[in-house]
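Each chain is listed here by its residues.
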Amino acid sequence: MTALSRILLGSYRWTVRIRSPYTSFTNKVPIASFTSKVKVAGIPIDVHTHLTKPANTTRTREDEMVVSFSKNPLDRADELRKSEEALQEALSHSGGLYLPMYKLNPLINAAEDGDGLGWLRLSQNGNTEGVHDSSPVLLGTASDGNETVPYFAMDVSHYPTNDQQLLGIDAPMNFAFKDSRKVASSLSIPDTGILAQARSLLSWHSTHRFCSQCGSHTEAQKGGYVRVCTDCEAHHFPRTDPCVIMLVVDEENDTCLLGRGKAKSFIYYSCLAGFIDQGETLEEAVRREVKEESGIDVGEVSYFKSQPWPFPSSLMFGCFAKALSRDVVIDYSEMEDIKWFSREDVKTALQGQNSQFQVLITVLNMINFHRNLVLQVPERVAIAHHMMHAWVHNTTKQLTKIL
C-alpha cells in the first residue's frame, strides 16, 4: 500500500457512476460499496467515480479535425469568482467535483469505453476545512438542467510515492495518474480542453508562490485566478505565452519545410515554431523564426488556427508561410535537421500513423537518430499534424492572409 493510499483510506461509502453521454449528473448506479475513508490533500472525498462527463464531452468524428486542448465545455464562472461567499458555497457544494493532479498529471479513469478524467466528489459526511489548505482551483461550472455543479482541480504532488497508480485501491474501475501529454490522445477533445486549463493553472501556481516585487509569500484568490502578495499586496495573474508554429511551403516544387529538434526524444519532423518577441506581430515572428532556424526567406503569411499548449502554458498560432528561397542553412544550436519534403512524403507519413509497424518504426528511428529511416510526423494531439493534413489535402486556399 502506498503512502497516499494510507492517507486515502477512511470511512465513507463509494458509489460508482456510469459514464454515458445520455446520463445526467444525478443518475447513480451503485455497483459497489466499501467501508473506506477517503481523503485527498486533506479533503474528505466520497470516491463517487464520476463517470458521467460535463455536457458535450463525448467523442465525435469531428474530433479528428479539431485540435486537442480546446473545446472546454465548462463555464469559467467569472461572476462566481468575484464573490468570496459564492466561492465558499461552491467549495462546500455536495455535488462539487475535483480533479486530482500529481506532478501536473491528471487522475484518469480508464473505463471500457475509453479514458476519461477521474473526477472525485467531496464527501457529504465530511467537513471541508481541508479544502482551504489545499487551495483547489475553480475550473468552472456545468449544468445538467437541474443544478449547477462546480468543477475544481487539485494538486496532490506533495504526497511522496513511487507508485504510478497512487490510489492503490482495487476498485471496479481502473483509476491511475497518467502523463498529461501521452493521455491526451485517448481523451475526448473537450476533456483535453479541461486538462489544458487545469494543468496550466496548477503549473502557474506552483511557480508563483512568492512575489516577484518583494519576495514575500503570495496566496491564491478568486478561485485561483490571481495570487496576491501578503506583504505589498501586488496582484499576479496567470500568464499564457504566445507562440507561432508555421508550415513553410514552396509552391513551385510542391514541398514543405519540416525540422527536428536536437533532443533525442524528438524523433518527429514537425513545423518550425518559436515564441513571439515583445513588440512583434504574428507575421513578423513567423518570418524571423523561419529565417533564424533555417535561413529561408518567407513572403506571404496566412493564419490557420490556434491551439492551447499546456506545457507549461502557451498559445500556438498556426500559420502557413510561402517560401521565397530554397537553400536551407540550419541553426544547429537549436535544430538537428531541417529539410524539404514532398506532399507525397508527408501524406505517407500521416497514413503510416495507423500502421501496425509504427512502434517498430519509432524504435528504429530512435536508434538511428541522426539519419531517420522513415519520416515520422506529430500525432493528432499537436496542431502541426492538422496543418500537415490540411496542406496534403489542399484545404488551405481559403485561409486568412495576414501578410
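> Provide a residue-level description of the overall build of the protein, including the pertinent values.
A count of helices and strands for the protein gives ten helices and 19 strands. Residue burial in the protein is summarised as follows: out of 403 residues, 53% are buried. Sequence separation of 24 or more characterises 71% of the internal contacts of the protein that already satisfy a separation of 6 or more. Surface exposure of the protein reaches about 19500 Å², of which carbon and sulfur atoms provide 49%.

> Describe the layout of surface pockets, with residues and values.
As a volume, the largest pocket reaches approximately 1400 Å³. Contributing to the lining of the largest pocket are 40 residues, with R181, F266, S270, W309 and P378 lying nearest its centre. The element that contributes the greatest number of residues to the lining of the largest pocket is strand β15 (residues 272-275), accounting for four residues. By residue class, the composition of the lining of the largest pocket is 20 nonpolar, eleven polar and nine charged. Estimated volume of the second largest pocket: approximately 420 Å³. For the second largest pocket, the lining is made up of 20 residues, of which R76, Q197, S200, T240 and S313 are closest to its centre. When residues of the lining of the second largest pocket are traced back to their parent elements, those giving at least two are α6 (189-207), β16 (298-309) and β17 (314-323). The dominant element in the lining of the second largest pocket, judged by the number of residues it contributes, is α6, at five residues. Here the lining of the second largest pocket is built from residues that sort into nine nonpolar, eight polar and three charged.

> I'd like to hear about the packing of aromatic side chains, residue by residue, with values.
A full pass over the atoms with the stated rule returns eight aromatic pairs. For the pair F69 and F311, a centre-to-centre distance of 5.7 Å together with 80° between the ring planes defines the contact as edge-to-face. Separated by 242 residues along the polypeptide, F69 in the loop between β2 (43-46) and α2 (78-81) and F311 in the loop between β16 and β17 bring together distant segments of the chain. The burial state of F69 is the same as that of F311; both residues are buried. Pairing Y98 with F152 gives two aromatic rings, centres 4.8 Å apart and planes at 15°, and the pair type is stacked. Of the two residues, Y98 is situated in strand β3 (residues 97-102) and F152 in strand β8 (residues 148-155); the sequence distance between them amounts to 54 residues. In this pair, the class of Y98 matches that of F152, namely buried. Put simply, the rings of F69, W309 and F311 pair up and form one aromatic cluster.

> Describe the nonpolar core, with residues and values.
One finds L139, L247, L258, F320 and V346 to be the most contacted residues of the largest nonpolar core, which totals 53 residues. What L258 contacts, discounting residues up to four positions off in sequence, is L247, Y269, S270, C271, D337, I338, K339, F341, V346, V377 and M388. The next biggest cluster of nonpolar side chains, apart from the first, holds 20 residues, and it includes V244, M246, L272 and W340.

> Which residues make up the side chain of Q307, and what are the values?
With respect to the helices and strands, Q307 occurs in strand β16. Given a relative accessible area of 1%, Q307 falls into the buried group. Within the local environment of Q307, its side chain forms a polar contact with the backbone nitrogen of I383, the two atoms lying 3.0 Å apart. Sequence-distant contacts of Q307, defined by excluding residues within four places in its chain, comprise V67, S68, F69, S314, L315, M316, V381, A382 and I383.

> Lay out the environment of K347 with the relevant residues and their values.
Mapped onto the fold, K347 is located in helix α8 (residues 343-352). Owing to a relative accessible area of 33%, K347 belongs among the partly exposed residues under this scheme. Spatially, the C-alpha atom of K347 lies 8.6 Å from that of H393, the residues being 46 residues apart in sequence.

> Quick one: what's the story with unusual backbone geometry, residue by residue and with numbers?
Look at the link from F311 to P312: it is a cis peptide, with omega at 5°. Along the chain, P312 turns up in the loop between β16 and β17.

> Provide a residue-level description of the side chain of E289, including the pertinent values.
With respect to the helices and strands, the residue E289 is situated in helix α7 (residues 282-294). We classify E289 as buried; its relative accessible area is 7%. For E289, the contacting residues outside a window of four places in its chain are V244, M246, A273, G274 and F275.

> Which residues make up the pairing of strand β5 (residues 114-117), and what values do they have?
Residues in a regular strand project their side chains so that they alternate between the two faces of the sheet. Residues G114 and G116 line one face of β5 and the alternating positions D115 and L117 line the opposite face, and both faces are buried. With four bridges connecting them, strand β4 (residues 105-111) and β5 associate as antiparallel partners. Within β5, the position partnered with N109 by the bridge is G116. Hairpin connection, β4 to β5: the antiparallel pair is bridged by two residues.

> Lay out the confidence of the model for the protein in plain terms, naming residues and giving numbers.
Per-chain confidence: the protein averages 79 in pLDDT, with 71% of residues scoring 70 or above. Segment residues 46-55: pLDDT under 50, and 55 contacts once partners within four positions in sequence are set aside and those in other chains are kept. A low-confidence stretch, residues 162-172 stays under pLDDT 50, and its non-local contacts, those more than four residues away or across chains, total 24 contacts.

> Tell me about the pattern of salt bridges, residues and numbers included.
In total, this model carries 15 salt bridges according to the counting rule given. Among the ionic pairs, D115 bridges to K178, the shortest N-O distance being 3.8 Å. One end of the pair, D115, is in strand β5; the other, K178, is in the loop between β9 (175-177) and α5 (180-183), and 63 residues separate them in sequence. K322 is the salt-bridge partner of E251, the closest N and O atoms lying 3.7 Å from each other. In this pair, E251 sits in the loop between β13 (241-250) and β14 (255-261) while K322 sits in strand β17, placing the two residues 71 residues apart along the sequence. Owing to a relative accessible area of 54%, E251 belongs among the exposed residues under this scheme. A single salt-bridge network, built from bridges that share partners, covers D277, E280, R288, E289 and E292.

Analysis parameters
Residues numbered from 1 in each chain as written. Predicted model: local features only at pLDDT ≥ 70, side-chain atom pairs only at ≥ 80, totals over all residues. Heavy atoms only, no water. Helix = DSSP H or I, 4+ residues; strand = E, 2+ residues; numbered from the N terminus. Buried < 20%, exposed > 50% of the residue type's maximum accessible area, 1.4 Å probe, protein only. Contact = heavy atoms within 4.5 Å. Areas by Shrake-Rupley, 256 points an atom, 1.4 Å probe, with all protein chains shown as cover. 1 Å grid on protein atoms, 1.4 Å probe; cavity = no way out; pocket = protein on both sides within 12 Å on 5 of 7 lines; lining within 4 Å. Points joined across faces, edges and corners; volume = space filled by probe spheres on them. Nonpolar A, V, L, I, M, F, W, Y, C, P; charged D, E, K, R; others polar. Phe/Tyr/Trp six-rings, centres within 6.5 Å; stacked < 30°, edge-to-face > 60°. Core = buried A, V, L, I, M, F, W, Y, C linked by side-chain atoms within 4.5 Å. Polar contact = N/O pair within 3.5 Å; in protein donor to acceptor, adjacent residues only side chain to side chain. Pairing = 2+ DSSP bridges. pLDDT = per-residue confidence, 0-100. Salt bridge = Lys/Arg side-chain N within 4 Å of Asp/Glu carboxyl O.

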